[in-house]
Amino acid sequence: MTTSIPPEVDLRALPALPRDDAGPVFGAPWEAQAFAMTVSLHGRGAFTWREWADALAAELVAASARGEPDDGSHYYEHWLAALEKLVAAKKLVPGQELEQRVDEWDAAARSTAHGKPIELQRRG
Amino acid sequence: MSDHHDDEHAREHDLPLSGPALRAKALESLLVEKGLVDPKALDELIDTYETKVGPRNGARIVARAWVDPAYRKRLLENATAAIAEFGFIGRQGEDMVVLENTPKVRNVVVCTLCSCYPWPVLGLPPVWYKSAPYRARAVIDPRGVLKELGGEVPENVEVRVWDSTAELRYLVLPERPEGTEGWSEDELAEIVTRDAMIGVAQAKAPGQGKR
């Protein structure tokens, strides 16, 4: 039980609560991927759930500090950013390696005709 | 919808991968290559959380507790074990505590830091549970939140707010509504909502009360 108030909370601002009915669990396939990667990595002991919760909380606080409206709709973007940082911190996927791969997928996506599967050109 | 886009717009619109989708794909491809995740396991996980776990699990727990005093006692004493009797075990349900609502006490669950939530019994959390307004306001102004989400709580009813953690998850046992005497367990489970088990609303029999 708690009565403590996180320091980042602006007590003057009590914004409206978003509402949602029992809609789809994930808003887009990538949200499901980000979720599943996290759960799977935790399952194999890549990090503890406490470490994960701390990483996610840090992203949420940072987003709030940047003044981004946090109505829950960008939740999985923060989730993915937290996962990227945690796997980098754990030296599983260095940040530089990820950025390079993002660029490769981006280039592959742009050069692929609509309706064709996107594939990376593997360098020999 | 217009039939015509300028080329620039059409191009952006048609880009099959961009933003977080692109980053998620890139990360996944690296993790798979390194043997850190198995694509099949990822698909299974997604299927589980999209179709197999959800608040219907929690509703069955609550309905059983309403009709079976011995189960209710076990549930309040050792929630993790009592919930496991239904086979609802697994991630983010390892250490469960059930909070009993009474005519004098209403319990409300929040995760102020992120979105800790009892997945095996409630599935994944709704958008509002993950939102900054709820995470902040549930603690600062629980009565206001309850008024907005599930109806006003009388002054003489105590509101207790419980902050979930990475280690400890809560499930609210709502009060059994009046007018449900003689109902079967299955019928009762039908009226137990997700919001009632988070604690922001009450279970209500059809036709009972207005929100």
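Here the structure is shown first, and the text comes after it.
Residues numbered from 1 in each chain as written. Chains lettered and ligands numbered in written order. Predicted model: local features only at pLDDT ≥ 70, side-chain atom pairs only at ≥ 80, totals over all residues. Heavy atoms only, no water.

**Student:** Could you give an account of the overall build of chain B, with specific residues and numbers?
**Tutor:** The helix and strand inventory of chain B stands at twelve helices and four strands. Per-residue burial over chain B gives 51% buried out of 211 residues. For chain B, contacts bridging at least 24 residues in sequence account for 67% of all contacts bridging at least 6. Considering chain B, the positive charge centre built from 27 side chains and the negative charge centre built from 34 side chains are found 5 Å apart. (Helix = DSSP H or I, 4+ residues; strand = E, 2+ residues; numbered from the N terminus. Buried < 20%, exposed > 50% of the residue type's maximum accessible area, 1.4 Å probe, protein only. Contact = heavy atoms within 4.5 Å. Lys, Arg positive; Asp, Glu negative; His and termini not counted. Charge placed at Lys NZ, Arg CZ, Asp CG, Glu CD.)

**Student:** Describe helix H4 (residues 55-67) of chain B, and please don't skip the residues or the numbers.
**Tutor:** A rise of 1.5 Å per residue sets the reference length of H4(B), with its 13 residues, at 18 Å; its end C-alpha atoms lie 19 Å apart and thus fit the reference within 8%. Where H4(B) is concerned, the buried positions are Asn57(B), Gly58(B), Ala59(B), Ile61(B), Val62(B), Ala63(B), Ala65(B) and Trp66(B). (Expected span 1.5 Å × (residues − 1).)

**Student:** Tell me about the environment of Ala57(A), residues and numbers included.
**Tutor:** Inspection of the secondary structure assignment puts Ala57(A) in helix H2 (residues 49-65). For the pair Ala57(A) and Phe47(A), spaced ten residues apart in sequence, the C-alpha separation works out to 15 Å. Excluding its chain neighbours within four sequence positions, the residues that come into contact with Ala57(A) are Leu113(B) and Cys114(B).

**Student:** Report on the pattern of salt bridges, specifying residues and quantitative values.
**Tutor:** The final tally for this structure, using the stated rule, is 20 salt bridges over all chains. As a salt-bridge pair, Arg23(B) and Glu99(A) come within 2.6 Å of each other at their nearest N and O atoms. A residue pair is termed interchain when its members come from two chains, as with Arg23(B) in helix H2 (residues 19-33) and Glu99(A) in helix H4 (residues 95-110). With relative accessibility at 36%, the residue Glu99(A) sits in the partly exposed group. Where salt bridges share partners, they join Arg50(A), Asp54(A) and Glu167(B) into one cluster. (Salt bridge = Lys/Arg side-chain N within 4 Å of Asp/Glu carboxyl O.)

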